[in-house]
Amino acid sequence: MPTTDLTLTRTGHTAVLTIDRPEKRNAMTAAMWAALPDLLAEPAADPDVRVLVVTGAGPSFCAGADISDLLGGADPADPMADVRRHNLAAQSALRAFPKPTVALIRGHCIGGGVEIAASCDLRFADTTAVFGVTPAKVGIVYPPVSTGALVDLVGPATTKYLLFSGELIDADTALRTGLVDRLVDPDALEEEVRRFADVLAARSGLTQRATKEVVAALTGGDDAEAVVAPWYRRTIAEGELPEGVAAFAERRPPRFRWSG
């Protein structure tokens, strides 16, 4: 289903969102940022979708925001206001996606590409990947949400290093600093992400949803105990724990049915 240089496909229980503008290294236009929340709504509501993979067409993940949009807003005092609003809404939609999300990263992952990747739950990259956060190269003030996502992943010092300098880091450095969770050879990346997506799809969706909400509460400074309390009862009421225990006793894979 194509829409504004973004495509959504489905393989089994995995939905794949592809940033599909390879001639521009998948740079995100304002229209693409604006389209992303509505595009994600369908797989978010589909009970057969258990995992979302986000990737880029061609040799790059995403080279950031399309620079031609940066001065195109209606307010001359803040011409980025519209694109910033769409960008933040897109990041929010990715973070709020109710199922596990995995960024599959190769090649350039710069600026807005890092924002997209950091909004996913996990990041798998190959050794061709390079990362950079480049607002200091063009005089942009990075929004707190995007800065906070970096701090959560790599800590304050590396966040400052990236934002102060705009320098690119290689995949090994990204892995070492926590920006990337798994580093895979280029010829094995897609196969490994497919394998891992299948693993996620076989696990309890209720456990995964509860984990997402608890982690968000912990990192956001909210009351995680209040968030998790209803999930303790739902795992019994909605059959996940009884099925998991029965499957263990019968030495078979569990058949989890919960879909939210």
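First things first, this report covers the structure right here in the doc.

So, how was this worked out
By convention here, each chain's residues receive numbers from 1 onward along its written sequence. Confidence filtering applies because this is a predicted model: local features only for residues at pLDDT of at least 70, side-chain atom pairs given and counted only at 80 or more, and all residues used for totals across whole chains, interfaces and linings. Side-chain metrics rest on all non-hydrogen atoms present in the structure, leaving aside hydrogens and water. Put simply, a nonpolar core is a bunch of buried Ala, Val, Leu, Ile, Met, Phe, Trp, Tyr and Cys residues held in one set by side-chain atoms that sit within 4.5 Å of each other. When a residue's accessible area, from a 1.4 Å probe over protein chains only, is under 20% of the maximum for its type it is buried; when over 50% it is exposed; and in between it is partly exposed. Throughout, a residue-residue contact means that at least one pair of heavy atoms, one from each residue, lies within 4.5 Å. Here, strands pair whenever DSSP counts at least two bridges between them. Secondary structure elements follow DSSP: runs of H or I of four or more residues count as helices, runs of E of two or more count as strands, with numbering from the N terminus. Lines fitted to the C-alpha atoms define the axes, with helices restricted to the stretch that makes contact. Angles between their N-to-C directions range from 0 to 180 degrees. When an angle is under 35 degrees it counts as roughly parallel; over 145 it counts as roughly antiparallel; between 65 and 115 it counts as roughly perpendicular; any other value is oblique. Charged residues are taken to be Asp, Glu, Lys and Arg, nonpolar residues to be Ala, Val, Leu, Ile, Met, Phe, Trp, Tyr, Cys and Pro, and polar residues to be all remaining types, Gly included. With the strands pointing away from the viewer, any crossover whose connection runs clockwise from the first strand over the helix to the second is right-handed.

**Examining the nonpolar core**
Working step 1: In this structure, Leu 6, Leu 17, Phe 61, Ile 105, Ile 116 and Phe 131 are the most contacted members of the largest nonpolar core, which totals 45 residues.
Working step 2: Among residues more than four places away in sequence, those in contact with Ile 105 are Phe 61, Ala 117, Arg 123, Phe 124, Ala 125, Asp 126, Ala 129, Phe 131 and Leu 189.
Working step 3: Core analysis: the second largest hydrophobic core is formed by 13 residues, Val 16, Phe 124, Phe 196 and Leu 200 among them.

**So, the sheet that holds strand β8 (residues 130-132)**
Working step 1: Spatial ordering of the open sheet is given by β6-β8-β9, a layout of three strands whose pairing is mixed. Whereas interior strands pair on both sides, the edge strands pair on one side only; in this sheet they are β6 (108-110) and β9 (169-170).
Working step 2: The pairing of β6 with β8 spans three bridges and is parallel. Its bridge partner being in β8, His 108 is matched across the sheet by Val 130.
Working step 3: Packed on one face of the sheet, helix α3 (residues 112-119) meets β6 and β8 and runs near 90 degrees to β6.

**A short note on α3**
Working step 1: In terms of residue burial, α3 counts as a mostly covered element, since eight of its eight residues are buried.
Working step 2: Those residues of α3 that sit buried are Gly 112, Gly 113, Val 114, Glu 115, Ile 116, Ala 117, Ala 118 and Ser 119.

**A look at the environment of Leu 122**
Working step 1: Turning to its location among the elements, Leu 122 is positioned in strand β7 (residues 122-126).
Working step 2: Taking the relative accessible area as the measure of exposure, Leu 122 reaches 27% and is therefore partly exposed.
Working step 3: In this structure, Leu 122 is in contact with Thr 101, Val 102, Ala 103, Asp 181 and Phe 196, ignoring residues within four places of it in sequence.

**Topic: the packing of helix α8 (residues 205-220) against helix α9 (residues 224-237)**
Working step 1: Look at α8 against α9: their axes get within 9 Å of each other, and the N-to-C directions meet at 170 degrees. Comparing the axis directions of α8 and α9 gives the class roughly antiparallel. Within the contact between the two elements, α8 uses Leu 206, Arg 209, Ala 210, Glu 213, Val 214, Ala 217 and Leu 218 and α9 uses Ala 224, Val 227, Val 228, Trp 231, Arg 234 and Thr 235.
Working step 2: Class assignment of the residues belonging to the contact of α8 with α9 gives a composition of nine nonpolar, one polar and three charged.

**Here we look at the pairing of strand β4 (residues 51-56)**
Working step 1: For β4, the tally of buried residues reaches six of six residues, placing the bulk of the element in the interior.
Working step 2: Burial of β4 is two-sided: the residues Val 51, Val 53 and Thr 55 facing one way and the residues Leu 52, Val 54 and Gly 56 facing the other way are all buried.
Working step 3: In this sheet, β4 lies alongside strand β3 (residues 14-19) in parallel orientation, the contact comprising six bridges. Bridge pairing links Thr 18 to Thr 55 in β4.
Working step 4: Handedness of the β-α-β unit built from β3, helix α1 (residues 30-45) and β4 comes out right-handed.
Working step 5: With three bridges connecting them, β4 and strand β5 (residues 101-105) associate as parallel partners.

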